[in-house]
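Here is how the chains run, residue by residue.
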Amino acid sequence: MAGDAGTRLEAPARGRRANWQPFLIGVAGGTASGKSSVCGKIMELLGQNNIDHDQRQVAILSQDSFYRVLTPEQKAKASKGQFNFDHPDAFDNELIKETLQEILQGNEVQIPVYDFVTHSRKDECVTIYPADVVLFEGILTFYSKDIRDLFQMKLFVDTDADTRLSRRVLRDISERGRDLEQVLTQYITFVKPAFEEFCLPTKKYADIIIPRGAHNLVAINLIVQHIQDILNGELSKRHNVFVNSYSSSKKPKISESNSRPH
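Residues numbered from 1 in each chain as written. Predicted model: local features only at pLDDT ≥ 70, side-chain atom pairs only at ≥ 80, totals over all residues. Heavy atoms only, no water.

Trainee: With reference to specific residues and values, describe the overall build of the chain.
Mentor: When helices and strands are counted, the chain shows eight helices and seven strands. For the chain, buried positions account for 49% of its 262 residues. The long-range share in the chain, meaning contacts at least 24 apart out of those at least 6 apart in sequence, stands at 77%. Just so you have it, the chain exposes about 12,800 Å², and 50% of that area is on carbon and sulfur atoms. (Helix = DSSP H or I, 4+ residues; strand = E, 2+ residues; numbered from the N terminus. Buried < 20%, exposed > 50% of the residue type's maximum accessible area, 1.4 Å probe, protein only. Contact = heavy atoms within 4.5 Å. Areas by Shrake-Rupley, 256 points an atom, 1.4 Å probe, with all protein chains shown as cover.)

Trainee: Hey, could you go over the pattern of salt bridges for me, with residue numbers and the actual values?
Mentor: When the charged atoms of two side chains lie near each other, side chains of opposite charge can form a pair. Inspection of every chain in the model, using the stated rule, returns eight salt bridges. One salt bridge in this structure joins Lys 192 and Glu 196, with 2.8 Å as the shortest N-O distance. Placement of the pair is Lys 192 and Glu 196 together in helix H6 (residues 180-199), with a separation of four residues, close to one helical turn. For Glu 196, a relative accessible area of 38% gives the class partly exposed. Several salt bridges converge on common partners, so that one network encompasses Arg 168, Arg 171 and Asp 172. (Salt bridge = Lys/Arg side-chain N within 4 Å of Asp/Glu carboxyl O.)

Trainee: Provide a residue-level description of the packing of aromatic side chains, including the pertinent values.
Mentor: In this structure the tally under the stated criterion is 11 aromatic pairs. Pairing Phe 83 with Phe 85 gives two aromatic rings, centres 4.9 Å apart and planes at 70°, and the pair type is edge-to-face. The same class applies to Phe 83 as to Phe 85, namely buried. Measuring from ring centre to ring centre gives 6.5 Å for Phe 85 and Tyr 114, while their planes differ by 70°; the resulting arrangement is edge-to-face. One end of the pair, Phe 85, is in the loop between helix H2 (72-79) and helix H3 (93-104); the other, Tyr 114, is in strand S3 (residues 109-115), and 29 residues separate them in sequence. Residue Phe 85 shares its accessibility class with Tyr 114, and that shared class is buried. Taken together, the aromatic side chains of Tyr 67, Phe 83, Phe 85, Phe 91, Tyr 114 and Phe 116 make up a single cluster linked through ring pairs. The positively charged end of Arg 148 is found above the aromatic ring belonging to Tyr 205, 3.7 Å away from the centroid. Above the ring of Phe 195, the side-chain terminus of Arg 164 is found at 4.2 Å from the ring centroid. (Phe/Tyr/Trp six-rings, centres within 6.5 Å; stacked < 30°, edge-to-face > 60°. Lys NZ or Arg CZ within 6 Å of the ring centre and 35° of its normal.)

Trainee: Break down H3 for me, with residues and values.
Mentor: In this model, H3 (12 residues) spans 16 Å end to end at C-alpha, consistent with the 16 Å of a helix rising 1.5 Å per residue. For H3, the complete set of buried residues consists of Ile 96, Thr 99, Leu 100, Ile 103 and Leu 104. Seen from one end, H3 has its buried residues packed into an arc of 140°, which puts them on one side. Looking one or two residues past H3, Gly 106 carries a phi angle of roughly 80°, positive in sign. (Expected span 1.5 Å × (residues − 1). Arc of directions from axis to C-beta.)

Trainee: Help me get a handle on the environment of Ala 32, residues and values and all.
Mentor: Locating Ala 32 in the fold gives a position in the loop between strand S1 (23-29) and helix H1 (35-45). Each C-alpha atom, one on Ala 32 and one on Val 169, is 9.4 Å from the other, the two residues being 137 residues apart in sequence. Those residues in contact with Ala 32 that lie beyond four places of it in its chain are Arg 164, Arg 167, Arg 168 and Arg 171.

Trainee: Kindly report on the sheet that holds S1, identifying the contributing residues and their values.
Mentor: Where strands meet in a sheet, backbone hydrogen bonds hold them as pairs that are either parallel or antiparallel. Spatial ordering of the open sheet is given by S2-S5-S1-S6-S7, a layout of five strands whose pairing is parallel. The open sheet has two edge strands, strand S2 (58-62) and strand S7 (208-211), and neither has a second partner. Averaged over all pairs of adjacent strands, the angle between their axes in this sheet comes to 20°, without regard to strand direction. Relative to strand S5 (residues 133-137), S1 runs parallel, the two sharing five bridges. Within S5, the residue paired with Gly 26 across the bridge is Phe 136. Along the sheet face, H1 touches S1, S2, S5, strand S6 (153-158) and S7 and points at about 165° away from the line of S5. (Pairing = 2+ DSSP bridges. Axes fitted to C-alpha atoms, helices over the stretch in contact; angles between N-to-C directions.)

Trainee: Report on the environment of Gly 106, specifying residues and quantitative values.
Mentor: Mapped onto the fold, Gly 106 is located in the loop between H3 and S3. Sequence-distant contacts of Gly 106, that is, excluding residues within four places in its chain, are made with Trp 20, Pro 22 and Pro 130.

Trainee: Quick rundown of H6? Include the residues and the values.
Mentor: Within an α-helix, residues lying three or four positions from one another point in the same direction, as the helix has 3.6 residues per turn. Taking 1.5 Å per residue, 20 residues should reach 28 Å; H6 reaches only 24 Å between its end C-alpha atoms and comes up short. The sharpest bend along H6 measures roughly 50° and falls at Tyr 187. Contact partners of the buried residues in H6: S1, H2, S6 and helix H5 (161-175). Of the residues that open H6, the one with a side-chain oxygen 3.3 Å from the backbone nitrogen of Glu 181 is Asp 179. (Bend = angle between axes of the 7 residues up to and from the residue. Polar contact = N/O pair within 3.5 Å; in protein donor to acceptor, adjacent residues only side chain to side chain.)

Trainee: Now, about the confidence of the model for the chain: what can you tell me, with residues and values included?
Mentor: Caution is warranted with low-pLDDT regions, since their predicted coordinates should not be read in detail. With 81% of its residues at a pLDDT of at least 70, the chain reaches an overall mean of 84. Mean pLDDT across the secondary structure elements of the chain bottoms out at helix H8 (residues 238-246), with 44, and peaks at helix H4 (residues 145-148), with 98. Counting interchain partners and residues more than four positions distant, the pLDDT-below-50 stretch residues 1-16 has 39 contacts. This model gives residues 235-262 a pLDDT under 50, and the stretch forms 59 contacts once residues within four places in sequence are excluded. (pLDDT = per-residue confidence, 0-100.)

The following block contains the structure:
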């Protein structure tokens, strides 16, 4: 069955592949829509969670790792919830582009670690080893055309606004040391307007729209099956298969409605 947990997928050794290139999947969606959960579920169903990082065939990166280094003035605003982390300018897009290009060349990369409590980058980095498939998730994954064009497959996690807000409140209070008033003020002032202006319009670029996030196992299993096809011997055909399937004018979308109100 597609995506049996714990199954080690067989693929040719990296060093023996001719013209090998990783398959890059972009995962976008609003704040707390379930992007990380979808990526995690894909990893789980592919049996990648219990494998050493340097041996995994599937890797995950987050756009959240690429927030710009703030000036002292910006950091002071951020500590009061007055800095817009949902604006495109909040991200180091040049570093994102360079990192993804390095990944596509099959190179090992170092990913910065962002501390959401202190609003700064930590001293350490996370190593991402060469992998067959790389998932890159973030609210504005598809906003920059230069970055968007690097993805061979684009997913949009579509979750209703009330669910996303409740998840964000719980996350920011428990994990990021915020208080309720600060979270709600930031959401109304920055997060919701930025979603409507910058994130939501990028849904049109998605090849597959996933309502309900990680709870939509039908959609996730279909994606897992495509990834298994790549990992189990279809590497040489991946570009033809996915370009023909997902770049045509009739893109398959696993969606209840593309005009769902937010």
